[in-house]
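As a plain string of letters, each chain reads:
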Amino acid sequence: MSRDLQLKERWDVLVEKLSAQFADGDLLELDAIIYLIGVQELGQYHKTYKKDEKLNLMHIAICRLLEPYGYYEFDFFDEDGWPHYTMKEALPHLKAGEQSVLMKEAIVNYFVEKAYIN
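S.K.: Explain the environment of Lys-88 here, please?
M.R.: Along the polypeptide, Lys-88 turns up in the loop between strand S2 (83-87) and helix H4 (96-113). On a C-alpha basis, the gap between Lys-88 and Phe-74 in space is 10.0 Å, while along the polypeptide they are 14 residues apart. Apart from residues no more than four positions distant in its own chain, Lys-88 is found in contact with Gly-70, Tyr-71, Tyr-72 and Glu-73.

See below:
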């Protein structure tokens, strides 16, 4: 099976599973999944987040997702328990479609690592 086809199949399974669990069946979009990963990484689940905190959660998720690719490295947890990352390498300039594929691949790999999907 080609890598692209496997990614698409895993992505579809992941979106269906997360949507059923967190969105009452509405399909979650990429940004919503990134937000969920940020909440997962922070570990503070039962809290209402302000807009700037939601953006910070998405940043945490992106850093965590791109860490295996060598773009970020975990640095430390601050006094409030928020993880901080250091940029190791600048992200390459990618077209929107290429960015989307990279993020979907990173998200699928994250959930495979967490044994949420196969």
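S.K.: Help me out: how do you make sense of the nonpolar core in this one?
M.R.: In this structure, Leu-14, Ile-33, Ile-37, Ile-107 and Phe-111 are the most contacted members of the largest nonpolar core, which totals 27 residues. Of all the secondary-structure elements, those providing two or more residues to this core are helix H1 (3-22), helix H2 (30-42), helix H3 (51-66) and H4. Among the elements that take part in this core, H4 stands out by supplying seven residues, more than any other. The next biggest cluster of nonpolar side chains, apart from the first, holds six residues, and it includes Val-39, Leu-42, Leu-57 and Trp-82.

S.K.: Before we go on, may I ask you to explain the side chain of Arg-64 in this structure?
M.R.: Checked against the element boundaries, Arg-64 lands in helix H3. Within the structure, Arg-64 has its side chain in polar contact with the side chain of Glu-113 (distance 2.6 Å). Those residues in contact with Arg-64, other than ones at most four positions away along the chain, are Glu-41, Tyr-85, Tyr-110, Glu-113 and Lys-114.

S.K.: Teacher, can you tell me more about the packing of H1 against H2 here?
M.R.: Helix-helix packing is characterised by the crossing angle of the two axes and by the distance between the axes. Where H1 meets H2, the closest approach of the two axes is 11 Å, and the angle between their N-to-C directions is 70°. If you check the angle between H1 and H2, you find them roughly perpendicular. Handedness of the crossing formed by H1 with H2: left-handed. Taken together, the residues of H2 that come into contact with H1 (itself represented by Trp-11, Val-15, Leu-18 and Phe-22) are Leu-30, Ile-33 and Leu-36.

About the criteria used
Residues numbered from 1 in each chain as written. Predicted model: local features only at pLDDT ≥ 70, side-chain atom pairs only at ≥ 80, totals over all residues. Heavy atoms only, no water. Helix = DSSP H or I, 4+ residues; strand = E, 2+ residues; numbered from the N terminus. Contact = heavy atoms within 4.5 Å. Core = buried A, V, L, I, M, F, W, Y, C linked by side-chain atoms within 4.5 Å. Buried < 20%, exposed > 50% of the residue type's maximum accessible area, 1.4 Å probe, protein only. Polar contact = N/O pair within 3.5 Å; in protein donor to acceptor, adjacent residues only side chain to side chain. Axes fitted to C-alpha atoms, helices over the stretch in contact; angles between N-to-C directions. Parallel < 35°, antiparallel > 145°, perpendicular 65-115°, else oblique. Left-handed = near helix turned anticlockwise from the far one by under 90°.

Nothing here speaks to function; it is geometry throughout.
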